[in-house]
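Coordinate inspection notes
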Amino acid sequence: AKTLGIDIKEEFSEYYNVKVGVIGSLPQTSINAFFKKVRTKAGHDITLLNYGPNKVGKIGIVAGGGNDGDIALELIEKGVNTYLTGVIKPGTYPPSIKFLKLVKSNKINVIGITHYTSEKYACIALIQYFKDLKLSCKFIEGKPDMLDI
């Protein structure tokens, strides 16, 4: 969210009793402009499921495998119209099937950027944390699995 300049308003989506998602907003922007910005930051192809309105309003973000039906229900409840996550591929996993049906029928735009890419910025941010603890560390770049999107 910080990498994209999103103004974070609240946390959501519990995973093992920890909130793993954020909801925020951007100044008035179109879904296509936001998609291009995300693609530039990602540095590789990403996927847009253009199910919602042209204007980005409330943005939800859950890194990693955020294609879960329960997350979709929270997005709907909170009035989110644009959602960014790592994995969006359809599959036979029932929560992902529920997720895709719910976001489409509730007109929520979804951007998938791969599991790896959606989580790498948190790892990069941890470098300073470890340095503050006087521990040596560095981020080692990996490769995204394009089959996630």
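Remember, predicted model here, so these are calculated numbers, not experimental data.

**Quick notes on the sheet that holds strand β1 (residues 7–15)**
Strands sit in the order β1-β2-β4-β5-β6-β3 across an open sheet of six strands; the sheet is mixed. In this open sheet, the two edge strands, each paired with only one partner strand, are β1 and β3 (47–49). Strand-to-strand, the axes of this sheet are offset by a mean angle of 25°, without reference to chain direction. As paired strands, β1 and strand β2 (residues 18–30) are joined by seven bridges and run antiparallel to one another. For Y15, the partnering residue across the bridge sits in β2 and is V18. Together, β2, β3, β4 (55–62), β5 (82–85) and β6 (109–112) form the strand contacts of helix α1 (residues 31–42), whose direction differs from that of β2 by roughly 120°.

**Concerning the layout of surface pockets**
In this structure, the largest pocket encloses a volume near 620 Å³. In this structure, the largest pocket is lined by 25 residues; those nearest its centre are A1, I61, S118, Y121 and A122. Counting residues per element, the lining of the largest pocket draws most heavily on helix α4 (residues 115–132), which supplies six residues. A breakdown of the residues in the lining of the largest pocket according to their chemical character gives 15 nonpolar, five polar and five charged. Around the second largest pocket, the lining comprises 15 residues; the ones closest to its centre are Y15, V20, V62, A63 and G65. Elements with a contribution of two residues or more to the lining of the second largest pocket: β1, β2 and α4. Tallying contributions element by element places β1 first for the lining of the second largest pocket, with three residues. Its residues placed into classes, the lining of the second largest pocket shows six nonpolar, five polar and four charged.

Cut-offs used in this document
- Residues numbered from 1 in each chain as written.
- Predicted model: local features only at pLDDT ≥ 70, side-chain atom pairs only at ≥ 80, totals over all residues.
- Heavy atoms only, no water.
- Pairing = 2+ DSSP bridges.
- Helix = DSSP H or I, 4+ residues; strand = E, 2+ residues; numbered from the N terminus.
- Axes fitted to C-alpha atoms, helices over the stretch in contact; angles between N-to-C directions.
- Contact = heavy atoms within 4.5 Å.
- 1 Å grid on protein atoms, 1.4 Å probe; cavity = no way out; pocket = protein on both sides within 12 Å on 5 of 7 lines; lining within 4 Å.
- Points joined across faces, edges and corners; volume = space filled by probe spheres on them.
- Nonpolar A, V, L, I, M, F, W, Y, C, P; charged D, E, K, R; others polar.

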